[in-house]
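Structural description and commentary
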Amino acid sequence: MTEIIGIDLGGTAIKLGRFDRDGNCLQSLTIPTPNPATPAAVLDAMVDAIAQIDPHKNARAIGVGTPGPADAAGRIAIVGINLDGWQNIPLADWLEARTGLPTIIANDANCAGLGEAWLGAGRRFRNFILLTLGTGVGGAIILEGKLFVGHQGAAGELGLVTLNPDGPPCNSGNQGSLEQYVSVVAIRRRTGMEPEELGKLAKAGDAFALEFWRNYGRDLGIGLTSSIYILAPEAVVIGGGVSASAQFFFPSAIAEIERRVLPSSRARLQLLPADLGNSAGMVGAAKLAQQVIGNR
């Protein structure tokens, strides 16, 4: 039986899973990300954890989702967001040298998109986009069943499209990007509260929270408009921690999309919450690893 390993590298935790070819998780493990998260320390932690979840060395390939862009070939972590000293790190080469297993890496949001396409909310669609609403806003594009990464591997940054040209500055260098309105950091800045708190208040019928989520959905819908016009997806899948309150902001997001997007560009479009939660990146990384085996 072909087994693969999927790894989701985050700023605070590293999640690993060993999967069979059908996506069943045979064993999983979460370890804290080393502090400081230098490339050498993270590599050592990954290698030790791989040995723990695959003691009999049944795995045939490794996939890794990293918090930042990877090159188009899936070899180099160009930048590691919230990781120390991560610039142009040849992580795939390093893991191959230490484990003997073919390895591929990708941006963590792209991995989440692959995960949802394989086993989650996107499995019924050939063309969809994913937004992860977390500390930042990541994105992934699935076209004809395949992850689209663009010329140099950096496509799919759907959270960095401009929502307001005069809005708050963005770490990307943009100004008023969608991320500056719908990320966790933006919610804190705009309300002084955490998304979970606003969700609980909305469930209790709090007027301020309900109004906030209506406006949040409006911003999200406007921010999705350009991507929908360009890609005409079958579905938009929304993941990340903020999606826990989707019931409160989906209606206004859908209304805004319907108001702004021609019917021909949104025919039968569905707006859906992601299915896989915090495991999406790990699952998608495993799918990456499966594809590496198929290409060799």
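Up top is the structure these notes are about.
What comes next is a walk through the structure. (Residues numbered from 1 in each chain as written. Predicted model: local features only at pLDDT ≥ 70, side-chain atom pairs only at ≥ 80, totals over all residues. Heavy atoms only, no water.)

Right, let's talk about the overall build of the chain for a bit. Summing up its helical and strand segments, the chain has nine helices and 12 strands in all. For 296 residues, the compact-globule formula gives about 19 Å, and the C-alpha radius of gyration of the chain, at 19 Å, lands near that figure. The dimensions of the chain, computed from C-alpha atoms along their principal axes, are 55 × 40 × 35 Å. Within the chain, buried positions represent 52% of all 296 residues. Nonlocal contacts in the chain, meaning residues at least 24 apart in sequence, comprise 61% of its contacts between residues at least 6 apart. Surface exposure of the chain reaches about 13200 Å², of which carbon and sulfur atoms provide 51%. (Helix = DSSP H or I, 4+ residues; strand = E, 2+ residues; numbered from the N terminus. Rg over C-alpha atoms; globule rule 2.2 N^0.38 Å. Buried < 20%, exposed > 50% of the residue type's maximum accessible area, 1.4 Å probe, protein only. Contact = heavy atoms within 4.5 Å. Areas by Shrake-Rupley, 256 points an atom, 1.4 Å probe, with all protein chains shown as cover.)

Before going further, it helps to spend a moment on the sheet that holds strand E3 (residues 25–32). In spatial order, the strands read E3-E2-E1-E4-E7; together these five strands make up an open sheet with mixed pairing. Edge positions in the sheet fall to E3 and strand E7 (103–107), since each has one partner strand and no second. Ignoring strand direction, the axes of neighbouring strands in this sheet form an average angle of 15°. Note: strand E1 (residues 3–9) against strand E4 (residues 59–66), five bridges, orientation parallel. By the bridge assignment for E4, Ile7 is matched with Val64. In this fold helix H2 (residues 91–99) packs onto E4 and E7, with an angle of close to 150° to the strand it touches most, E7. Helix H3 (residues 108–119) contacts E1, strand E2 (13–20), E4 and E7 of the sheet and is inclined by roughly 105° relative to E7. (Pairing = 2+ DSSP bridges. Axes fitted to C-alpha atoms, helices over the stretch in contact; angles between N-to-C directions.)

Here the focus is the state of the cysteines. Under the counting rule described, the total for this entry stands at zero disulfides. With no disulfide partner, Cys111 has as its closest neighbouring cysteine sulfur the one in Cys25, 15 Å distant. (Disulfide = S-S within 2.5 Å.)

Now for the nonpolar core. Proteins that are soluble and globular tend to have nonpolar side chains buried together. If you look at the biggest cluster of nonpolar residues, it comprises 32 residues, and the most contacted ones within it are Leu131, Leu133, Trp213, Tyr216, Leu220, Leu224 and Phe249. For this core, the secondary structure elements donating two or more residues are strand E8 (128–133), strand E9 (137–143), helix H4 (179–182), helix H5 (184–191), helix H6 (195–203), helix H7 (207–231), strand E11 (235–239) and helix H8 (246–260). What Leu131 contacts, discounting residues up to four positions off in sequence, is Val137, Gly138, Leu158, Leu178, Leu220, Leu224, Val237, Ile238 and Gly239. (Core = buried A, V, L, I, M, F, W, Y, C linked by side-chain atoms within 4.5 Å.)

At a closest axis distance of 6 Å, the pairing of H3 and helix H9 (residues 280–294) adopts a crossing angle of 80°. The orientation of H3 with respect to H9, classified from their angle, is roughly perpendicular. In this structure, H3 contributes Cys111, Ala112, Leu114, Gly115, Glu116, Trp118 and Leu119 to the contact, and H9 contributes Ala280, Gly281, Val283, Gly284, Ala285, Ala286, Lys287, Leu288, Gln290 and Gln291. In terms of residue class, the contact of H3 with H9 is made up of 10 nonpolar, five polar and two charged. (Parallel < 35°, antiparallel > 145°, perpendicular 65-115°, else oblique. Nonpolar A, V, L, I, M, F, W, Y, C, P; charged D, E, K, R; others polar.)

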